[in-house]
Amino acid sequence: MRKFTTLCCLLLLIPAFALRAHAQETAKPAETAKDPEPSGHYYHLEFVIQELGTDGKPTNSRTYSAIVSSDRGARSTNIRTGSRIPIITGALHGTTGDGKLEFQYQYLDVGVNIDIQNVREIGSQLAVFLKAEISSLASSAPPASAPVSAPDLPNDPVIRQNLWQAPVVIPVGKPTVVFSSDALESKGGMQVVITATMLH
């Protein structure tokens with residue numbers, strides 16, 4: 001009789017254990033943490049700014065490079081190189097004792113500015129938002145039709161400027177022309193070529 005009673009108690013406890021085990025298995029997926037998103041990769045970007053002749057072939061080129069990351073939290077990358085050109089904005093105190101004018105100057109940055117933002121991978125290509133600003137001094141000799149300046153008054157420099165800003169897609173490992181334009185003062189032009197290389 002005692003054995004029968006013990007057997008009945010065990011049979012009654014089996015459903016309770018089964019329900020508890022099922023509840024634990026159901027809760028496991030909810031406790032599992034989500035897999036972290038894969039981090040981005042690093043890329044070496046080489047920028048070649050080419051001045052083109054009338055035949056469309058490069059006559060001069062300058063190279064700049066930077067490292068960027070495709071990680072979503074990465075900040076923008078900036079390249080700055082150039083010179084500060086003084087521009088006369090007025091006279092300070094009229095004339096000096098020797099009769100020469102004293103000038104007041106404001107400085108203008110001339111050179112190359114490149115900004116790279118929002119780097120993303122699209123398959124085997126790299127998408128970036130790119131801004132490139134290229135400025136330089138034109139020939140110092142004024143045109144023949146230009147009026148003659150007053151004595152002791154230097155001519156203000158003429159600044160040539162190219163500015164591009166757009167989202168671009170670059171095939172990794174392949175030089176790609178992303179910006180180009182004709183020159184205003186000649187039949188030549190200018191273009192920006194980018195090569196992206198993944199760093200391992």
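Just so it is clear, the model here is predicted, and its values are computed rather than measured. Position labels on residues start from 1 in each chain and follow its written sequence. Only residues with pLDDT of at least 70 get local features here, since the model is predicted, and only at 80 or more are side-chain atom pairs given and counted; chain-wide, interface and lining totals rely on the full set of residues. Side-chain metrics rest on all non-hydrogen atoms present in the structure, leaving aside hydrogens and water.

Trainee: Run through the overall build of the protein, naming residues and quoting values.
Mentor: Per the convention used, a helix needs a DSSP run of H or I reaching at least four residues, while a strand needs a run of E reaching at least two, with both numbered from the N terminus. Per the secondary structure count, the protein includes 1 helix and 8 strands. Order of helices (α) and strands (β) in the protein, N terminus to C terminus: α-β-β-β-β-β-β-β-β. Any pair of residues with heavy atoms lying within 4.5 Å of one another is described as a contacting pair. Excluding contacts between residues fewer than 6 apart, the proportion of contacts in the protein whose partners are at least 24 apart in sequence is 55%. Using the Shrake-Rupley algorithm and a 1.4 Å probe, accessible areas are obtained, with residue cover drawn only from the displayed protein chains. Put simply, the protein shows about 14600 Å² of open surface, and 55% of that area lies on carbon and sulfur atoms.

Trainee: Which residues make up the environment of G189, and what are the values?
Mentor: Within the secondary structure layout, G189 lies in strand β8 (residues 189-199). Here the term buried applies to any residue with accessible area under 20% of the maximum for its type, exposed to any over 50%, and partly exposed to those in between, with areas from a 1.4 Å probe on protein chains only. Classification of G189 as buried rests on a relative accessible area of 13%. Not counting residues up to four positions away in its chain, the partners in contact with G189 are Q50, E51, L52, S181, D182 and A183.

Trainee: Help me get a handle on unusual backbone geometry, residues and values and all.
Mentor: One non-glycine residue, N118, lies in the positive phi region at around 50°. Topologically, N118 is positioned in strand β4 (residues 101-122). Taking the relative accessible area as the measure of exposure, N118 reaches 60% and is therefore exposed.

Trainee: Can you break down the pairing of strand β2 (residues 58-69) residue by residue, with the values?
Mentor: Two strands pair if DSSP finds at least two bridges between them. Judged from the 11 bridges that link them, strand β1 (residues 42-52) and β2 form a sheet pairing that is antiparallel. Paired with V48 across the strands is T63, a residue of β2. Counted along the chain from β1 to the antiparallel partner β2, the turn is 5 residues long, and its residue G56 has a positive phi close to 85°.

Trainee: Can you break down the nonpolar core residue by residue, with the values?
Mentor: Throughout this description, the term nonpolar core refers to a set of buried Ala, Val, Leu, Ile, Met, Phe, Trp, Tyr and Cys residues connected via side-chain atoms within 4.5 Å. Core analysis: the biggest nonpolar cluster contains 26 residues, and F47, I116, L130 and V192 have the highest contact counts within it. Of all the secondary-structure elements, those providing two or more residues to this core are β1, β2, β4, β5 (125-137), β6 (159-171), β7 (176-182) and β8. Setting aside chain neighbours within four positions, we find F47 in contact with R62, T63, Y64, I79, I114, I116, L130, V192, V193 and I194.

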